[in-house]
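The residues making up each chain are set out below.
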Amino acid sequence: MGFATDCIHAGQEPEAVTGAVTVPIFQTSTYVQPRLGEHKGFEYARTQNPTRAALEGNLAVLERGRQAYCFASGMSAIDTVFRLLKSGDHVIAAENMYGGSYRLFSRVLEKFGLQFTYVDTSSTAAVAAAVRPATRVLFLETPTNPMMTLTDIPACVAIARAHGILVVVDNTFCSPYLQRPIELGADIVVHSTTKFLNGHSDSVGGAVITATDELGEQIQFLQNAVGAILSPFDSWLVLRGTKTLALRMQCHNANGMAMATYLTNHPKVKKVYYPGLPDHPQHALAKKQMNGFGSMISFELGSKENAALFLNRVRLCSLAESLGGVETLISHPETMTHASVPIETRKRLGITPGLVRISVGIEDVEDLIADLENAFDAI
Ligand SMILES: *Cc1c(COP(=O)(O)O)cnc(C)c1O
């Protein structure tokens, strides 16, 4: 089936008792067993829930994986993946990744004896140089937030395969509409469903999708053992979100490109970071690895003062953290999403006081541009 068809139908049959076309919210903690030793595949709701199972079936198909498991947040999904490892194991991670992942690795998981090396994964040579005998996982995020730097997934997979290392990709920024890491050779995909998958800024959740049944069974064991499951109501919300994923992403792509072009031509913008622009240093890789360029754009206004004048003037765009919703969100990485990143790292990555990040929504792009045009007048 095509991707848009899978968005709407994969994992979802009409409900058996009533024929309801929408998977109901099975708000129950347990299931009656007809006889001792017999059950209908559902025993206790941490272990199995039909609403969550439908979403998991849907996401497994959208990411072209074998199995999927849903969690209470993106962070709990990532945390569960790292419970595949044991003390002494080594991980290579991207130096510019989601701040919450860095916090989990450096302040929580290191205490349990996992070792992390942070490298610029856009350099395949840097990834290869970081491999040790104890390396078990290569953890990637592409494009990065907020600098929009890409990592070549197949090239990293080739290095990892040669050393028996699992490749885990955080695909939150792209959604499976734009990028499917398992098709590119990755072993595991993780998501914050909070962002594009749900798409409506009304739920926090996470997912792990595995390329093999063997890995899927290990994640299923951990999901039940650790227990950070997605609730039936949130599962239902995300399932409703993914129905329109293809349609939303087409609009995100179109609005992202229109906005990036507008910003590039604006005299008050010093630089625009967007992989869809021909002058992005990895535009060719983006065309090869992604199906469209999305709607995440960063741009440089030259100073914190300019950024503040601009951000305090937007009206239609909301000044807020998070991304991937139907509404346009605009933020200041230095003081908001990336405040916890050490200042030297921020400087090296290019997260300057004048940098602004926009997650372009699916409003009429002319209205968004008019809002920004008005905000630029403040500078
Ligand atoms: C938001 C986000 C997360 C964390 O997800 P939560 O749902 O907030 O726990 C992880 N990775 C990326 C890339 C994110 O944007």
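Fair warning: this is a prediction, and the values are worked out from it, not measured in the lab.

### As for helix H2 (residues 50-62)
- Compared with the 18 Å implied by 1.5 Å per residue over 13 residues, the 18 Å span of H2 between its first and last C-alpha is a close match.
- For H2, the tally of buried residues reaches 10 of 13 residues, placing the bulk of the element in the interior.
- Three or more residues of H2 are buried, namely Pro50, Thr51, Arg52, Ala54, Leu55, Glu56, Asn58, Leu59, Ala60 and Leu62.
- The backbone nitrogen of threonine 51 has a side-chain oxygen 2.9 Å away, supplied by the residue at the start of H2, namely asparagine 49.

### Details of the sheet that holds strand E6 (residues 188-192)
- Taking strand neighbours across the sheet as the criterion, the 7 strands line up as E1-E7-E6-E5-E4-E2-E3 in an open arrangement whose pairing is mixed. Here the strands that pair on one side only, and so sit at the sheet edges, are strand E1 (67-71) and strand E3 (115-119). With strand direction ignored, the average angle separating the axes of adjacent strands in the sheet is 20°.
- Relative to E3, strand E2 (residues 90-94) runs parallel, the two being bridged by 5 bridges.

### Some points on the sheet that holds strand E8 (residues 271-273)
- Read from one edge of the open sheet, 5 strands run E8-E9-E12-E11-E10, paired in mixed fashion. Both outer strands of the open sheet, E8 and strand E10 (318-319), are each paired with one neighbouring strand and no more.
- With 2 bridges joining them, E10 and strand E11 (residues 329-331) adopt parallel strand pairing. Bridge pairing in E11 links serine 318 to leucine 329.
- Across the sheet, helix H10 (residues 245-264) touches E8, strand E9 (296-300) and strand E12 (355-359), and the angle it forms with E9 is around 10°.

### Some points on the domain arrangement of the chain
- The domains assigned to the chain are domain 1 (3-243) and domain 2 (245-376).
- On a C-alpha basis, the centroid separation for the pair domain 1 and domain 2 is 26 Å.
- Tallying the contact residues gives 38 residues for domain 1 and 37 residues for domain 2.
- With both sides pooled, the region where domain 1 packs onto domain 2 buries about 3200 Å², and carbon together with sulfur makes up 62% of that total.
- The largest contributions to the domain 1 side of the interface with domain 2 come from Met147, Leu178 and Phe196, which together make up 24% of the buried area.
- There are 1 salt bridge connecting domain 1 and domain 2.
- Across the domain 1-domain 2 interface, the total number found is 17 residue pairs in polar contact (both at pLDDT 80 or more).
- Contributions of two or more residues to the side of domain 1 that touches domain 2 are made by helix H1 (3-9), helix H6 (153-162), helix H7 (175-178) and helix H9 (232-243).
- A total of 4 residues in the side of domain 1 that touches domain 2 trace back to one element, the largest contributor, which is H7.
- Here the side of domain 1 that touches domain 2 is composed, by residue class, of 19 nonpolar, 14 polar and 5 charged.

Rules of the game
- Residues numbered from 1 in each chain as written.
- Predicted model: local features only at pLDDT ≥ 70, side-chain atom pairs only at ≥ 80, totals over all residues.
- Heavy atoms only, no water.
- Helix = DSSP H or I, 4+ residues; strand = E, 2+ residues; numbered from the N terminus.
- Expected span 1.5 Å × (residues − 1).
- Buried < 20%, exposed > 50% of the residue type's maximum accessible area, 1.4 Å probe, protein only.
- Polar contact = N/O pair within 3.5 Å; in protein donor to acceptor, adjacent residues only side chain to side chain.
- Pairing = 2+ DSSP bridges.
- Axes fitted to C-alpha atoms, helices over the stretch in contact; angles between N-to-C directions.
- Contact = heavy atoms within 4.5 Å.
- Domains from an automatic or database assignment.
- Buried area = accessible area lost by both parts, 1.4 Å probe.
- Salt bridge = Lys/Arg side-chain N within 4 Å of Asp/Glu carboxyl O.
- Nonpolar A, V, L, I, M, F, W, Y, C, P; charged D, E, K, R; others polar.

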